Amino acid sequence: MNLDIAYTKRLDSRIKLHGAEAFEGMRRAGQLTAQALDMLVPEVKPGVTTQSLDDLTFEFAMDHGAVPAPLNYRGFTKSICTSLNHVVCHGIPGPRILRDGDILNIDVTLIVDGWHGDSSRMYPVGKISRAAERLVAVTYEALMRGVGAVAPGGHIGDIGAAIQSYAEGERCSVVRDFCGHGIGQVFHDRPNVLHYGRAGDGIELQPGMLFTIEPMINLGKPQVKIKSDGWTAVTRDRSLSAQFEHTVGVTETGVEVFTVSPAGLHQPPYDTA
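These figures come from a predicted structure and were not determined experimentally.

Each value, and the rule that gives it
- Residues numbered from 1 in each chain as written.
- Predicted model: local features only at pLDDT ≥ 70, side-chain atom pairs only at ≥ 80, totals over all residues.
- Heavy atoms only, no water.
- Salt bridge = Lys/Arg side-chain N within 4 Å of Asp/Glu carboxyl O.
- Helix = DSSP H or I, 4+ residues; strand = E, 2+ residues; numbered from the N terminus.
- Buried < 20%, exposed > 50% of the residue type's maximum accessible area, 1.4 Å probe, protein only.
- 1 Å grid on protein atoms, 1.4 Å probe; cavity = no way out; pocket = protein on both sides within 12 Å on 5 of 7 lines; lining within 4 Å.
- Points joined across faces, edges and corners; volume = space filled by probe spheres on them.
- Nonpolar A, V, L, I, M, F, W, Y, C, P; charged D, E, K, R; others polar.
- pLDDT = per-residue confidence, 0-100.
- Contact = heavy atoms within 4.5 Å.
- Polar contact = N/O pair within 3.5 Å; in protein donor to acceptor, adjacent residues only side chain to side chain.
- Core = buried A, V, L, I, M, F, W, Y, C linked by side-chain atoms within 4.5 Å.
- Disulfide = S-S within 2.5 Å.

## Brief notes about the pattern of salt bridges
Applying the stated criterion across every chain, the model contains 11 salt bridges. As a salt-bridge pair, Asp38 and Arg121 come within 2.7 Å of each other at their nearest N and O atoms. You can see Asp38 sitting in helix 2 (residues 20-40) and its partner Arg121 sitting in strand 6 (residues 115-124), a full 83 residues away along the chain. Overall, the relative accessible area of 3% leaves Arg121 in the buried class. Each of Glu24, Arg27, Arg28, Asp113 and Glu256 takes part in one network of salt bridges that share partners.

Put into structure tokens, the structure is as follows:
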């Protein structure tokens, strides 16, 4: 789950550097979050409501001694975010029934022993269009290029540059109103992780930093607007939007991804046979 850039700029300007104990806590939280997203794969199908997916995730969290971080966070009333089609992020679960051809982002953050694991994936509903398939594939690759740009001694701008250059090269646009964020025992912390920018810009990446990378990629233009509920962000031109997210930590030699799917269900099409 991300926050708008204006809000994150008001967060604590000090960037925390974490040690081995924190990394172990983040592994536990990240893996449980990834398991929750794996659990949802066979549940996303035509006829299902987004509220039922929220209920399943809440039950999963309770069964595993975890807490859904979004629940009652800054007034958000659900355990997950469900963002359909032209919804960019922060979609609110409810009675909406999934239909054949929809694409759905599910964003899960679970707190395990005080540590936050934050991740999201795209889920196709039934048979989706070729354009939707392409957008989802481009968005996943953009995320992984951003992850691949993380290295000690590099800069935060390297991440955004890798994402932007790839996505725009595929004739898609990068949403600029939201960003990744520092994480750990706090849900949203410094640094801001922009999904666009120039290599070499921004703060230097240091071992012990923990943050999310969560690009939102649109088939159309990058502009978004917030609906009257104060949360749901949609594309202004009603074009399809997609997002993937990982929580990562900077190590002495590179990057550790805490939210890797234990079942290998990283991106569609999901083979659960």
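Picking up where we left off.
## Section: empty space enclosed by the protein
Applying the stated criterion to the full structure yields one cavity of 30 Å³ or more. Here the largest cavity is characterised by a volume of approximately 40 Å³. Around the largest cavity, the lining residues are Ser120, Arg121, Tyr140, Leu143, Phe244, Glu245, His246 and His266. Classifying every residue of the lining of the largest cavity gives three nonpolar, three polar and two charged.

## Quick notes on the confidence of the model for the protein chain
Across the protein chain, the average pLDDT comes to 95, with 95% of residues at or above 70. The low-confidence segment residues 7-12 (pLDDT under 50) makes 12 contacts with residues lying over four places distant or belonging to another chain.

## Re the side chain of His188
Mapped onto the elements of the fold, His188 is located in the loop between strand 8 (178-182) and strand 9 (189-193). Side-chain polar atoms of His188 contact the side chain of Tyr73, separated by 2.9 Å.

## A word on the side chain of His195
Position of His195 relative to the elements: it lies in the loop between strand 9 and strand 10 (210-213). When residues no more than four places from it in sequence are discounted, the contact partners of His195 are Gly160, Ile163, Gln164, Val174, Phe178, Cys179, Gly180, Ile213, Glu214, Pro215 and Met216.

## As for the nonpolar core
Leu53, Ile106, Phe211 and Ile213 are the most contacted members of the largest nonpolar core, which has 60 residues in total. Sorting the residues of this core by element identifies helix 2, helix 3 (50-63), strand 5 (103-112), strand 6, helix 4 (130-148), helix 5 (156-169), strand 10 and strand 15 (246-250) as the ones contributing at least two each. When near neighbours in sequence (up to four residues on either side) are disregarded, Ile106 contacts Leu37, Leu40, Val44, Leu53, Ile80, Cys81, Thr82, Ser119, Ser120, Arg121 and Tyr123.

## A closer look at the state of the cysteines
Counted by the stated rule, this structure contains zero disulfides. Not part of a disulfide, Cys89 finds its nearest cysteine sulfur in Cys81, a span of 7.7 Å. According to the relative accessible area criterion, Cys89 is buried, its value standing at 2%. Between Cys179, a cysteine without a disulfide, and Cys89, which holds the nearest cysteine sulfur, the sulfur-to-sulfur distance is 10 Å.

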